[in-house]
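Coordinate analysis (summary)
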Amino acid sequence: MDAKRPRVVIVGAGFAGMNAAQTLRDAPVDILLINQTNYHLFQALLYQVATAGLDPSDIAYPVRAIFRRQKNLRFRLTRMTGLDPQAQVVHTSTGDIPYDYLILAPGGETNYFGQESVA
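Residues numbered from 1 in each chain as written. Predicted model: local features only at pLDDT ≥ 70, side-chain atom pairs only at ≥ 80, totals over all residues. Heavy atoms only, no water.

Some details on the overall build of the chain
Under the convention used in this document: Runs of E in the DSSP output that reach at least two residues are strands. Runs of H or I that reach at least four are helices, and both are numbered from the N terminus. Between buried and exposed lies partly exposed: a residue is buried under 20% and exposed over 50% of the maximum accessible area for its type, with that area taken using a 1.4 Å probe on protein chains only. Pairs of residues are marked as contacts when any of their non-hydrogen atoms sit within 4.5 Å. Positive residues here are Lys and Arg, negative ones are Asp and Glu, while His and the chain termini are left out of the count. Just so you know, the charge point we use is NZ for Lys, CZ for Arg, CG for Asp and CD for Glu.
When helices and strands are counted, the chain shows three helices and nine strands. For the C-alpha atoms alone, the extent of the chain along its principal axes is close to 50 × 35 × 20 Å. Expressed as a percentage of its 119 residues, the buried residues of the chain come to 29%. Of the contacts formed within the chain by residues at least 6 apart in sequence, a portion of 54% connects residues at least 24 apart. Taking the average place of the 11 positive charges on the side chains of the chain and the average place of its 10 negative ones, the gap between the two points comes to 10 Å.

Spelled out as structure tokens, the structure:
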């Protein structure tokens, strides 16, 4: 990573975050992709894993393996806990991360509509 190039921090390794990282593959920037898990999960096929139609490895793939050949990207396994846009810092469970550009793609959260037993 080059200290003189702009630093892009991408929060989230779902489809949006991964697409942003891949789009910036040839850009003159250093990318730091952060996610709270070390894998990308295709949730739409979870039911097939539950019914033994697919193996878990068929719908979850390691993030580092996806970007293994992308020279301008590093991955950090951490969880975003806050943001200071004036200071251009993302607060995480493992420390603060400064950025020049920030892409927020944290994904969604399931709403169980008060039925926590469903979770």
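Quick notes on the sheet that holds strand β8 (residues 95-98)
Basically, it comes down to this: By the convention used here, strands pair only if DSSP detects at least 2 bridges between them. Convention adopted: a line fitted to C-alpha atoms gives each axis, helices being fitted over their contacting stretch, and angles between N-to-C directions are expressed from 0 to 180 degrees.
Strand order in the open sheet formed by three strands is β6-β7-β8, and the pairing between neighbours is antiparallel. Of all strands in the sheet, those bounded by a partner on one side alone are β6 (80-84) and β8. Strand-to-strand, the axes of this sheet are offset by a mean angle of 25°, without reference to chain direction. Two strands pair when backbone bridges link them, and strand β7 (residues 89-92) and β8 are joined in this way by four bridges, in the antiparallel orientation. The residue of β8 that forms the bridge with Val89 is Pro98.

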